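# Remarks on the overall topology
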Amino acid sequence: MQEVLGLPAVVRDPGRCLVVGVVNVTPDSFSDGGRWLRPEAAVAHGKALLADGADLLDIGGESTRPGAGRVDVAEELRRVVPVVTALAAEGAVISVDTMRAEVAEAALDAGATVVNDVSGGLADPAMPGLVARRGSPFVVMHWRGHSDAMDSRAVYRDVVAEVRVELLGRLDVLVDAGIDPRQIILDPGLGFAKTPEHNWRLLAELDVLADLGRPLLVGASRKRFLGSLLAGPDGVPVPPHRRDDATAATTALAAASGAWAVRVHSVAASADAVRVVAATVAARRRPEESL
Ligand code: PMM
């Protein structure tokens, strides 16, 4: 597994795919909007995810569901900072899910370690400079524009090849901006300017992206393509909270393809799944020890 500069020892090399638990402090996220909007509820939820086996917590105050508008920066800070402060005090390793340098900086000051930017540093020109200056691990997701426009940009001739090239392009730009490449974690951005077919294709060929020389984070949890897959005869997608078993299946697939981490809303089954994959991989590497 490739090194990520700036991570604390507890999550540096666990010998398996890491599990990142999601804490959305938002009224409108598609998967869990409104449930953890009060800081006390968000903190309690974060603690429950840690108890279920989360290695990191990803805390965000802006919904990126398709069609969503932007939240203003003061409100995003108001949602995120107290929750980061409280969960950092519990010893959690925290990533802040934000496209804004100002929010990222406040979260880092409050105890966050990782910056998770779904725009990969494109939405805020100040983000690359901040990440370079702070030396924080930086999740760079594949992104083609804000949520109100992304569905119209889900056009590819070869989604895997194009996501690969566009992520490599971001890597170049960010390194030119002064970020150490060892800080960078890449993410294919499932559901962001992607149709269900694009998401399945990316999941099927994650190994192509896992080969880019940087760790890969995969966020399939509760996304629409899982809801559509599981639709009943009426064709109605199952609701987000009924997508967790399918999410755990995607965790196993991602871990088996060499993903560094998965980002999930419900942690327990994924924490088991990454251990199953690690044990299987370890057994495969020691054929002389098997009967
Ligand atoms: N997906 C969502 C939000 N943040 N961050 C990364 N790095 N990768 C993702 O796939 C991702 C993300 C959308 O899901 P949510 O609104 O339910 O959290």
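Here the structure is a predicted model, which is why all the values come from computation and not from measurement.

### Regarding the overall build of the protein chain
When you go through the protein chain residue by residue, the secondary structure sums to 10 helices and 8 strands. Projected onto its principal axes, the C-alpha positions of the protein chain cover 60 × 50 × 40 Å. Buried residues in the protein chain amount to 52% of all 291 residues. For the protein chain, restricting intrachain contacts to residue pairs at least 6 apart in sequence, the fraction spanning at least 24 positions comes to 69%. Side-chain charges in the protein chain split into 31 positive and 38 negative, and the spacing between the mean points of these groups amounts to 1 Å.

### A few points about the packing of helix H3 (residues 101–109) against helix H4 (residues 127–134)
Put simply, H3 and H4 touch, their axes get as near as 9 Å, and they point 20 degrees apart. Taken together, the axes of H3 and H4 lie roughly parallel to each other. H4 is crossed by H3, and the crossing has right-handed handedness. Contacts between H3 and H4 involve Ala101, Ala104, Glu105, Leu108 and Asp109 on the former and, on the latter, Met127, Leu130, Arg133 and Arg134.

### Some words on the packing of aromatic side chains
Across all of its chains, the model carries 1 aromatic pair by this definition. Their ring planes at 75 degrees and their centres at 4.8 Å tell us that Trp200 and Phe225 sit as a pair that is edge-to-face. Placement of the pair is Trp200 in helix H6 (residues 196–204) and Phe225 in helix H8 (residues 224–229), with a sequence separation of 25 residues.

### Quick notes on helix H5 (residues 159–176)
Spanning 18 residues, H5 covers 26 Å between terminal C-alpha atoms, matching the ideal 26 Å at 1.5 Å per step. Of the residues making up H5, those classed as buried are Val159, Val160, Val163, Leu167, Arg170, Leu171 and Leu174. Buried residues along H5 cover an arc of 105 degrees about the axis, so they all sit on one side. Away from its buried face by more than 90 degrees, H5 exposes Val165, Asp172 and Asp176. On its buried side, H5 packs onto H4, strand S5 (138–141), strand S6 (184–187), H6 and helix H7 (206–210). Downstream of H5 by one or two residues, Gly178 has phi in the positive range, about 105 degrees.

### Describing the side chain of Ser270
Examined against the element boundaries, Ser270 turns out to sit in helix H10 (residues 268–285). Ser270 sits in the buried class, given a relative accessible area of 1%. If sequence neighbours within four positions are ignored, Ser270 has contacts with Val19, Ala248, Thr251 and Val264.

### Focus on the pairing of S6
Neither face of S6 is exposed, since Ile184 and Leu186 on one face and Ile185 and Asp187 on the opposite face are all buried. The pairing of S5 with S6 spans 4 bridges and is parallel. When the sheet's bridge partners are listed, Phe138 is paired in S6 with Ile184. Handedness of the crossover joining S5 and S6 through H5 is recorded here as right-handed.

### A short note on the layout of surface pockets
Empty space within the largest pocket amounts to approximately 490 Å³. Forming the walls of the largest pocket are 33 residues, and the residues nearest its centre are Phe30, Thr64, Leu190, Phe192 and Lys223. Going through the elements one at a time, H6 and H8 are the ones with two or more residues in the lining of the largest pocket. If one sorts the elements of the lining of the largest pocket by residue count, H8 sits on top with 3 residues. Here the lining of the largest pocket is built from residues that sort into 12 nonpolar, 12 polar and 9 charged.

Parameters at a glance
Residues numbered from 1 in each chain as written. Predicted model: local features only at pLDDT ≥ 70, side-chain atom pairs only at ≥ 80, totals over all residues. Heavy atoms only, no water. Helix = DSSP H or I, 4+ residues; strand = E, 2+ residues; numbered from the N terminus. Buried < 20%, exposed > 50% of the residue type's maximum accessible area, 1.4 Å probe, protein only. Contact = heavy atoms within 4.5 Å. Lys, Arg positive; Asp, Glu negative; His and termini not counted. Charge placed at Lys NZ, Arg CZ, Asp CG, Glu CD. Axes fitted to C-alpha atoms, helices over the stretch in contact; angles between N-to-C directions. Parallel < 35°, antiparallel > 145°, perpendicular 65-115°, else oblique. Left-handed = near helix turned anticlockwise from the far one by under 90°. Phe/Tyr/Trp six-rings, centres within 6.5 Å; stacked < 30°, edge-to-face > 60°. Expected span 1.5 Å × (residues − 1). Arc of directions from axis to C-beta. Pairing = 2+ DSSP bridges. Right-handed = clockwise from strand over helix to strand, strands pointing away. 1 Å grid on protein atoms, 1.4 Å probe; cavity = no way out; pocket = protein on both sides within 12 Å on 5 of 7 lines; lining within 4 Å. Points joined across faces, edges and corners; volume = space filled by probe spheres on them. Nonpolar A, V, L, I, M, F, W, Y, C, P; charged D, E, K, R; others polar.

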